[in-house]
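This is what each chain is made of:
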Amino acid sequence: MNNFKHLPEPFRVKVIEPVQRTTREHREQAILQAGMNPFLLDSKDVFIDLLTDSGTGAVTQNMQAAMLRGDEAYSGSRSYYALAEAVKDIFGYQHTIPTHQGRGAEQIYIPVLIKKREQEKGLDRSKMTVFSNYFFDTTQGHSQINGCTVKNVYTPSAFDTADHFDFKGNFDLQALERGIQEVGAEHVPYIVSTITCNSSGGQPVSLANLKAVYHLAKKYDIPVVMDSARFAENAYFIQQREAGYKDWSIADITRESYKYADLLAMSAKKDAMVPMGGLLCIKDDSFADVYLECRTLCVVQEGFPTYGGLEGGAMERLAVGLYDGMNQDWLAYRTAQVQYLVDGLESIGVTCQKAGGHAAFVDAGKLLPHIPAERFPAQALACELYKVAGIRAVEIGSFLLGRDPKTGKQLPCPAELLRLTIPRATYTQTHMDFIIEAFNQVKENIPNIKGLTFTYEPKVLRHFTARLQEI
Ligand code: F0G
């Protein structure tokens, strides 16, 4: 079927979830009541929900069927062993701790790695810095509440939407090494490789870059954690874009990628396709002490280590989802769907980041040049898009980034983006066409779109609950 223009959805839909159509009047009222913050909208008022791809996608029939096999034993559950076997087979990691989602893994491994550094080297954590190609917000938050400074060392063109470099998720290796030398390697308790790099637009990290980061980390005796939410999409981009891997299977590329980390933390709600679930895995016994500490913390924070944050059925479903998420046709279709949306938007003059794995990232700074960063152009665009078509998207810009905790000043943001996140196997090409048409209508009204200012601004993670008004 390679001679067709589009690979249609490589699945059949089996269960229908009805959604409500709403009137423009209703939506104007709803977004006003939500304080011009789509996070505060009720799902019943949303027609196409592109807030996230996290736990919002469809599951496969094999995943659904696997749930019935759940062994709910408090300890030593058969379902735990099924999950741990899948992890060994796919990633080659020896120790598995199930967690309720990605941040469940973070709340365990982050304090453990920091404490290890502190005790082994007799150091003060307030002088410690951790590095990433870009920390996801919760990974950053956990690092900060445990006393560390965070630093993102991304490739220079990462946020330049005019640049179409294939691996915009890459680390800037020189900036990483410079950063390590500046703070002193002993002050770096871990490095996080985020694949794909969510914050720069679902952009992949090349195998060469993962390898180089790992070798650099080993030179300075620093553990590397793979933040693995979109591991399969990253492997797919390596296969398609990196020289030398076009004949490799997704499974082989995945296995190879995970040689270049010591720990794996995963939000399984993305590429592993489950509505809820996460993983914390340790490669081998060179980190046996870390594993034992993590296992102990797991008991008090998540649950007994052979279920952690998950019920037996959910562990079975996850074990299957890890494999189903690596299906070649599925990944080809999924990335083509995002590409189709990006191409459609660009064809009507809406600039996007190079198409990534899980979302189209619209450059709102370019689309609404009359709204300065501190008036949140991408948030204003999100509100307009909702009013026009009932589509809910999420701001990835100054509003999300927030203020410097020390000075209280707005942090400078590399780009003002609006993320149109595509849940897995949930929306069709017709939905993509509808979104493009909605943007056409938004474009007609650009001069009338107004910037926003706070009426309520929480001190931390403000984007979830802040309220705004037009100015
Ligand atoms: N790491 C990455 C790269 C993520 O994208 C996320 C979540 C997490 C960690 C945290 O995992 O939500 O399971 O606790 N990202 C979601 C998103 C929420 O919308 O991009 P979690």
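Residues numbered from 1 in each chain as written. Predicted model: local features only at pLDDT ≥ 70, side-chain atom pairs only at ≥ 80, totals over all residues. Heavy atoms only, no water.

**Let's talk about helix α6 (residues 173-183)**
Each α-helix turn comprises 3.6 residues. Residues three or four places apart therefore point the same way.
Turning to step 1, where the next piece is worked out: Among the residues of α6, Ala175, Leu176, Gly179 and Ile180 are the ones counted as buried. Seen along its axis, α6 keeps its buried residues to an arc of 135°; they face one direction. Facing away from the buried side of α6, by more than 90 degrees, are the exposed residues Gln174 and Glu182.
Turning to step 2, where the next piece is worked out: A side-chain oxygen of the first residue of α6 lies 3.2 Å from the backbone nitrogen of Gln174; this N-cap is Asp172.
Turning to step 3, where the next piece is worked out: Gly184 sits one or two positions beyond α6 and adopts a positive phi of about 90°. (Buried < 20%, exposed > 50% of the residue type's maximum accessible area, 1.4 Å probe, protein only. Helix = DSSP H or I, 4+ residues; strand = E, 2+ residues; numbered from the N terminus. Arc of directions from axis to C-beta. Polar contact = N/O pair within 3.5 Å; in protein donor to acceptor, adjacent residues only side chain to side chain.)

**With respect to the UniProt feature "modified residue: N6-(pyridoxal phosphate)lysine" (unreviewed entry) in the protein**
Turning to step 1, where the next piece is worked out: UniProt annotation of "modified residue: N6-(pyridoxal phosphate)lysine" (unreviewed entry) refers to Lys270 when read in the numbering used here.
Turning to step 2, where the next piece is worked out: In this structure, Lys270 sits in the loop between β7 (263-267) and β8 (278-282).
Turning to step 3, where the next piece is worked out: Look at Lys270 and you get buried, because its relative accessible area is 11%.
Turning to step 4, where the next piece is worked out: Setting aside residues no more than four positions away along its own chain, Lys270 makes contact with Asp53, Ser54, Ala229, Arg230 and Arg424. (UniProt positions renumbered as here; feature names shortened; annotations may be inferred. Contact = heavy atoms within 4.5 Å.)

**Here we look at the site of the ligand**
Turning to step 1, where the next piece is worked out: Taken together, 16 residues surround the ligand, and among them Thr52, Gln101, Arg103, Ser267 and Lys270 come closest.
Turning to step 2, where the next piece is worked out: Within the side chain of Arg103, an N or O atom sits 2.6 Å from an oxygen atom of the ligand.
Turning to step 3, where the next piece is worked out: Coverage of the ligand by the protein chains reaches 93% of its 470 Å² of free accessible surface.
Turning to step 4, where the next piece is worked out: Here the element with the most residues in the shell around the ligand is helix α4 (residues 102-121); it accounts for three residues. (Near = heavy atom within 4 Å. Areas by Shrake-Rupley, 256 points an atom, 1.4 Å probe, with all protein chains shown as cover.)

**Concerning the nonpolar core**
Turning to step 1, where the next piece is worked out: The biggest cluster of nonpolar side chains holds 63 residues, and the ones touching the most others in it are Phe91, Ile191 and Leu322.
Turning to step 2, where the next piece is worked out: Looking at which element gives the most residues to this core, the answer is helix α3 (residues 78-91), with seven residues.
Turning to step 3, where the next piece is worked out: Beyond its immediate sequence surroundings of up to four residues, Ile191 is in contact with Phe131, Phe171, Leu176, Ile180, Val213, Ala217, Ile222, Pro223, Val224 and Val225.
Turning to step 4, where the next piece is worked out: By size, the runner-up hydrophobic cluster in this structure holds 50 residues, among which are Leu381, Tyr427, Ile436 and Val442. (Core = buried A, V, L, I, M, F, W, Y, C linked by side-chain atoms within 4.5 Å.)

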